[in-house]
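Overview (structure and organization)
Take a look at the letters that make up each chain.
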Amino acid sequence: MSLASFILKTLERLVERYMKDEVHLTSPLHRGQHAFQADCSVETTLHVVVAKLVQQFGQKGYAVGKFLDIESAFSNTPPEVICREDLRCRVPNRLVSWIGSLLRRRRLETRRGEGLVKGVAPRGCPEGGVDGPYKVALRIVELWCESSWLSINSEKISMVIFTKNYELPKVDAPVFCSGMLTLSDSVKYLGVILDSKLNWAKHLETQCRKFVMTFWMCGRAFGLTWRIGPIILAWL
C-alpha cells in the first residue's frame, strides 16, 4: 500500500487519465491483459482461459497450461525498466522524466512509539507436438525477466495438461530458470482450482471445506444464551 500525499495522488490520477485518453489510443494495452482495462476483471480472465480449454476438449485435443508468477514484480521492477517501456509506448519525454524522478526519489519513514526508521526505495513502484511452442514461450518469459531484473517465483510454477483423454502424450519436462518443471493434475488460478479434466471437483471440495470451517467458527460466536444473540444476528 502506498501512503502518499493527497496532492501526489491527484497528480497520479491525472497522469492515469492522460494515459487512457491519449497514450493508449496510439499504443493500446495488449488485448490479453485484463488488468487496468475497462470491462475486464478476474471473471473475464477466467472466462477466456476456460473457454480455450473447453474448445480443445471439443476437438479431443490437449492443452498445456503453464502458470507462472513474477516474484515481487511491483516491488523489484527498476525505474529504468518502467521509463524504457513508457518511451516505447510514446509517452512524452517530460512525463517520463517526472515518473522516473518520482520513483527514484521516494523516501520511506515509519515510526512506532519513540522509534523512527528512514530509508529509500530504489526499486519497485506503488501498488502477479505441443513441445516446441511452450518451450519457446517459456524462454521468452525468462529472457524478459532477465532484461527487467526480475525473477520467477519457483514455488508458484505449475504445468498442467488439460484433456478429457485417458492417455496423456509424452511431454519432456522443460527446464525453466535453471529448474525443471513437473506436471501437476491441478492448479489454483485466480482463486479457482482448475483440474486436468476440468470437472471442478477439487474446487468444489475446497469451497465446501471452507464453508464448513466458517460455519463452525460462526457457531462459536452465535448462541441462545450468550455471545451474539439471534436478534442481533438477524440484524447483522
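Residues numbered from 1 in each chain as written. Predicted model: local features only at pLDDT ≥ 70, side-chain atom pairs only at ≥ 80, totals over all residues. Heavy atoms only, no water.

All right, on to a nonpolar patch on the surface then. There is a patch of nonpolar side chains on the surface, built from F6, I7, L11, L14 and W98 and spanning about 560 Å² of accessible area. The dominant element in the nonpolar patch, judged by the number of residues it contributes, is helix α1 (residues 6-26), at four residues. With respect to the helices and strands, L11 occurs in helix α1. Residue classification places L11 among the partly exposed positions, given a relative accessible area of 36%. (Patch = residues over 30% accessible without salt bridge, like charges linked within 9 Å, V, L, I, M, F, W, Y side chains within 5 Å. Areas by Shrake-Rupley, 256 points an atom, 1.4 Å probe, with all protein chains shown as cover. Salt bridge = Lys/Arg side-chain N within 4 Å of Asp/Glu carboxyl O. Helix = DSSP H or I, 4+ residues; strand = E, 2+ residues; numbered from the N terminus. Buried < 20%, exposed > 50% of the residue type's maximum accessible area, 1.4 Å probe, protein only.)

For the protein chain, the mean per-residue pLDDT works out to 75, and 75% of the residues sit at or above 70. Here residues 128-136 is modelled with pLDDT under 50, and outside its nearest four sequence neighbours on either side it reaches 13 contacts, counting other chains as well. (pLDDT = per-residue confidence, 0-100. Contact = heavy atoms within 4.5 Å.)

Here the focus is the pattern of salt bridges. Here the structure, examined in full by the defined rule, presents seven salt bridges. One salt bridge in this structure joins R84 and E85, with 3.6 Å as the shortest N-O distance. For K202, the salt bridge is made with D185, and the minimal N-O distance between the two is 3.1 Å. Highlighted residues: K202 in helix α7 (residues 201-221) and D185 in the loop between β7 (183-184) and β8 (186-189), separated in sequence by 17 residues. Each of the salt bridges in this network shares a partner with another, and the network as a whole consists of R13, E16 and K20.

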